[in-house]
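So you can see what is in the structure, the chains are spelled out below.
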Amino acid sequence: MLNDVFVTEGYEIHKAFTGIQTHESRVETPIFENSQNISELASEISNYLREHPNVYGFLLRGHGFYTWGRDMKEAKNRIEAFENLFECEVKLNTHFRS
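The structure displayed is predicted, hence computed values, not measured ones. (Residues numbered from 1 in each chain as written. Predicted model: local features only at pLDDT ≥ 70, side-chain atom pairs only at ≥ 80, totals over all residues. Heavy atoms only, no water.)

1. Re the nonpolar core
No. 1: Of all hydrophobic cores here, the largest spans eight residues; its members are Tyr11, Phe17, Ile20, Val27, Tyr56, Ala81, Phe82 and Leu85.
No. 2: With three residues, the single largest contributor to this core is helix α2 (residues 72–97).
No. 3: Setting aside its immediate chain neighbours within four residues, alanine 81 contacts Ile13, Ala16 and Phe17.
No. 4: Ranked by size, the runner-up nonpolar core spans seven residues in total, among them Leu41, Ile45, Tyr48 and Val55. (Core = buried A, V, L, I, M, F, W, Y, C linked by side-chain atoms within 4.5 Å. Buried < 20%, exposed > 50% of the residue type's maximum accessible area, 1.4 Å probe, protein only. Helix = DSSP H or I, 4+ residues; strand = E, 2+ residues; numbered from the N terminus. Contact = heavy atoms within 4.5 Å.)

As structure tokens, this is what we get:
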């Protein structure tokens with residue numbers, strides 16, 4: 001079940017994702033609840049990705065992060081871009097909570 005969406009806006013690193021040409025952009029990363037019913041979970045994620053073709057990765061709660069690319073280089077670039085986005089958001093949120 002789709003539980004939430006992690007949103008980032010205004011990052012230059014968004015340009016690492018195909019089709020994004022400016023930092024004035026928004027990247028939405030869906031967060032799905034993990035399930036032991038793999039068939040149902042796979043179907044849910046597949047349907048979501050078909051309906052939202054501009055998704056570059058997703059989080060599976062309690063399990064991990066997934067992304068992909070046309071080839072290994074693009075997949076690696078996306079991993080690094082997401083890692084940077086996640087780290088920036090954690091640091092921002094931690095800083096502003098203190």
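2. Details of the sheet that holds strand β1 (residues 2–9)
No. 1: With mixed pairing, the four strands of this open sheet are ordered in space as β1-β2-β3-β4. Only two strands of the sheet have a single partner each, and these edge strands are β1 and β4 (64–67). Ignoring strand direction, the axes of neighbouring strands in this sheet form an average angle of 25°.
No. 2: In terms of strand pairing, strand β2 (residues 26–32) meets strand β3 (residues 57–60) through two bridges, oriented parallel. Within β3, the position partnered with phenylalanine 32 by the bridge is leucine 60. (Pairing = 2+ DSSP bridges. Axes fitted to C-alpha atoms, helices over the stretch in contact; angles between N-to-C directions.)

3. With respect to the pattern of salt bridges
No. 1: Overall, the coordinates contain eight salt bridges when judged by the stated rule.
No. 2: Note that arginine 26 and glutamate 28 form a salt bridge whose closest N and O atoms lie 2.8 Å from each other.
No. 3: A salt bridge links glutamate 74 to arginine 78; the shortest N-O distance between them is 3.9 Å. Of this pair, glutamate 74 and arginine 78 are both found in helix α2, four residues apart, which corresponds to roughly one turn of the helix. One exposure class covers both glutamate 74 and arginine 78, and it is buried. (Salt bridge = Lys/Arg side-chain N within 4 Å of Asp/Glu carboxyl O.)

4. What to know about the side chain of serine 25
No. 1: Tracing the backbone through its elements, the reader meets serine 25 in the loop between β1 and β2.
No. 2: Side-chain polar atoms of serine 25 contact the side chain of histidine 14, separated by 2.7 Å.
No. 3: Residues in contact with serine 25, not counting those within four places in the same chain, are Thr8, Glu9, Gly10, Tyr11, His14 and Ile20. (Polar contact = N/O pair within 3.5 Å; in protein donor to acceptor, adjacent residues only side chain to side chain.)

5. Digging into the side chain of threonine 29
No. 1: Structurally, threonine 29 is set in strand β2.
No. 2: A relative accessible area of 1% places threonine 29 in the buried class.
No. 3: Those residues in contact with threonine 29 that lie beyond four places of it in its chain are Asp4, Val5, Phe6, Gly57, Phe58, Leu59, Phe65 and Phe82.

6. A short note on the packing of aromatic side chains
No. 1: Using the criterion set out here, one finds 10 aromatic pairs in the structure.
No. 2: Between the aromatic rings of phenylalanine 17 and phenylalanine 82, the centroid separation amounts to 4.9 Å while the plane-to-plane angle is 50°, which identifies the pairing as tilted. Of this pair, phenylalanine 17 sits in the loop between β1 and β2 while phenylalanine 82 is found in helix α2, placing the two residues 65 residues apart along the sequence. Each member of the pair, phenylalanine 17 as well as phenylalanine 82, carries the same accessibility label: buried.
No. 3: Centroid distance phenylalanine 82 to phenylalanine 86: 5.6 Å. Interplanar angle 35°. Geometry classified as tilted. Taken together, the residues span about one helical turn, with phenylalanine 82 and phenylalanine 86 both in helix α2 at a distance of four residues.
No. 4: In textbook terms, an aromatic cluster arises when at least three aromatic residues are bridged by ring pairs, as seen for Phe6, Phe17, Tyr56, Phe65, Phe82 and Phe86. (Phe/Tyr/Trp six-rings, centres within 6.5 Å; stacked < 30°, edge-to-face > 60°.)

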